[in-house]
Amino acid sequence: MPEATYQVRVSGVIPDELLAELHDLTVSVEPPETVLHGSLPDQSAVVGLISRIHGLGLRLIEVRRLPAPEGPGGF
């Protein structure tokens, strides 16, 4: 299965220790939330990210799988 693009919303600001691990994702702060956006290789990576967020005591607001882009390479 090819990588999928996800949007993950977390309440508050993500600590620097987690941000260092998320170098492949785009991080934007939209107070009072932080939004992560990017491709993850598989569902176990999604679950791992959610577990890491939970382990830091952050409140997960939303995880959304975004549609694949249309055009070359997209179906």
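Residues numbered from 1 in each chain as written. Predicted model: local features only at pLDDT ≥ 70, side-chain atom pairs only at ≥ 80, totals over all residues. Heavy atoms only, no water.

Read across the open sheet, the 4 strands follow the order S2-S3-S1-S4; overall the sheet is antiparallel. Looking along the sheet, the strands with just one partner apiece sit at the ends: strand S2 (26-30) and strand S4 (60-65). Each strand of the sheet is rotated relative to its neighbour by a mean of 15 degrees, with strand direction disregarded. Pairing of S2 with strand S3 (residues 33-40) involves 5 bridges; the strand directions are antiparallel. In the strand pairing of S3, Val29 is matched with Thr34. (Pairing = 2+ DSSP bridges. Helix = DSSP H or I, 4+ residues; strand = E, 2+ residues; numbered from the N terminus. Axes fitted to C-alpha atoms, helices over the stretch in contact; angles between N-to-C directions.)

The predicted model of the chain averages 89 in pLDDT, with 92% of residues at 70 or higher. Summarising per-element confidence for the chain, the mean pLDDT is lowest in helix H1 (residues 16-19) (89) and highest in S4 (96). (pLDDT = per-residue confidence, 0-100.)

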